[in-house]
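# Remarks on the overall topology
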Amino acid sequence: IVAVQRKGEEIDTEELKGLIEALGGEVIQTVIQKRRSFSPSTYIGKGKLEEVDKNATLIVAYHPLTYSQKRNIEEITGIPVMDRTEVILEIFARRAKTKEAKLQVELAKSYYKLSHIRGMGKAMSRLGGGVGTRGPGETQTEKEARALRRKIHKLRQEINNLIRRQELVREGRKRKGFKTVSIVGYTNAGKSTLLRSLTRKDVFIKDMPFATLDVKTGSLFLDGEKVLISDTVGFIKNLPHELVASFHATLSEVKEADLLLIVFDVSSEKIEEELKSVKAVLKKLNSWDKPKIFVANKIDKVKNFDIEALREKTAGIIPEDSPLVCISALKKEGLDELKEKIKEMLSLSGEK
Ligand code: GDP
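Figured I'd write up the structure that's included with this text.

Cut-offs used in this document
- Residues numbered from 1 in each chain as written.
- Predicted model: local features only at pLDDT ≥ 70, side-chain atom pairs only at ≥ 80, totals over all residues.
- Heavy atoms only, no water.
- Salt bridge = Lys/Arg side-chain N within 4 Å of Asp/Glu carboxyl O.
- Buried < 20%, exposed > 50% of the residue type's maximum accessible area, 1.4 Å probe, protein only.
- Helix = DSSP H or I, 4+ residues; strand = E, 2+ residues; numbered from the N terminus.
- Polar contact = N/O pair within 3.5 Å; in protein donor to acceptor, adjacent residues only side chain to side chain.
- Contact = heavy atoms within 4.5 Å.
- Pairing = 2+ DSSP bridges.
- Expected span 1.5 Å × (residues − 1).

The next thing to look at is the pattern of salt bridges. This structure, assessed with the given rule, holds 11 salt bridges. A salt bridge links Glu9 to Arg6; its shortest N-O distance comes to 3.1 Å. Assessed through its relative accessible area of 29%, Arg6 is described here as partly exposed. The residue Lys151 makes a salt bridge to Glu106 at a minimum N-O spacing of 2.8 Å.

What follows covers the side chain of Gln69. Relative to the helices and strands, Gln69 resides in helix 3 (residues 67-77). Of the polar contacts made by the side chain of Gln69, one reaches the backbone oxygen of Ser39; its length is 2.9 Å. For Gln69, the side chain forms a polar contact with the main-chain nitrogen of Thr66, separated by 2.9 Å. If we skip the residues at most four places from it in the chain, Gln69 touches Phe38, Ser39, Pro40, Ser41, Thr42, Tyr43 and Pro64.

This part is about the pairing of strand 7 (residues 225-231). Among the 7 residues in strand 7, 5 count as buried, and that is most of the element. Pairing of strand 5 (residues 179-185) with strand 7, which is carried by 5 bridges, proceeds in the parallel orientation. Pairing of Thr180 across the sheet is with Leu228, part of strand 7.

Here we come to helix 4 (residues 84-95). The terminal C-alpha atoms of helix 4 lie 17 Å apart, and with 12 residues this matches the ideal 16 Å at 1.5 Å per residue to within 8%. Of all 12 residues in helix 4, 9 are buried; the element is thus mostly enclosed. Buried within helix 4 are the following residues: Arg84, Thr85, Glu86, Val87, Ile88, Leu89, Ile91, Phe92 and Arg95.

Attention shifts here to the environment of Ile342. Residue placement: Ile342 occurs in helix 12 (residues 335-345). Linking Ile342 and Leu222, residues 120 residues apart in sequence, is a C-alpha distance of 8.8 Å. Those residues in contact with Ile342 that lie beyond four places of it in its chain are Val181, Leu220, Leu222, Leu259, Leu261 and Ile293.

Even without glycine at this site, Tyr43 takes up a positive phi of about 65°. Here Tyr43 lies in the loop between strand 2 (31-34) and helix 2 (46-49). Note on Tyr43: relative accessible area 0%, which makes it buried. Its identity as a non-glycine residue notwithstanding, Asp223 has a phi of 50°, on the positive side. Topologically, Asp223 is positioned in the loop between strand 6 (216-222) and strand 7. Residue Asp223 is classed as exposed on the basis of its relative accessible area, which comes to 59%.

Shown next, in the form of structure tokens:
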């Protein structure tokens, strides 16, 4: 990992490390350089680049790189380079299972390529010399850019068609009167585990970020009433903008839900920060004001777990009148209480 730390900026390489491990990589070195700004040609200083371990098979930059920064670092070190955005795109590409997810990833990759082709065009026209010279390189990149724009247009159409079809499915469910519950939360909070514990549905679970890209739905029976419960994509802070749009499409499931289960990991050191990112995403989706239950998960990992202390710690984020249920999705503790609360919130107890 190479990172530039600008004044007043906090560098958290832990998350990036997790992302690299999710791709099967191992981080052998972290080079951080304090600088006023990025080097326009090589991101971190040329001298600092010499410190990079020659055994590395990949260099990952903490910040987004321009086309020429990437090429220059590769030329100087002889090691392939990726930036954080590319790492995330690669993870999504490997995890995407449904047609929609695959198209979304393809779209995000095309946007990324297009932005880099623009940079490439600039670099080449500089090489071309005088104003108005149109080097052969430039026309080539123009051609590629045009092809990419056409591809993006087509992908967007395909995705829109798919989304429209999914909307019809959701409407159908609504007409049949099923209530829907969406599980949301920061990546790795235990959403898939909870869905599986509640519905016995076999979903893919790994201790890796973004194991969930596609929405999975299972059914839960509460007093004989069928409730559809789905697990959504994990939220993450600083998502590359290429992927934000994909998230929003996938998250339309959340907007339609009758109830949200906001799952968070009580053993995390960053509970407040993670809850805040979840709140920010829900606010963007206009879904923060929906009926919701906060689900404190992984209590088996915390010694002497104290719910009052948790309430206090999260007072600025979890509204006082929102239910908070403590569970262990893995050990199946607290699930009965959670189901009771779900029933209550969906008014399935026959009172209404
Ligand atoms: P998601 O990304 O939110 O869907 O998270 P997962 O359900 O994939 O869980 C992430 C990791 O946390 C997995 O290794 C799970 O086994 C683990 N996990 C989930 N729930 C619990 C729990 O209640 N207790 C403990 N100790 N681990 C859990």
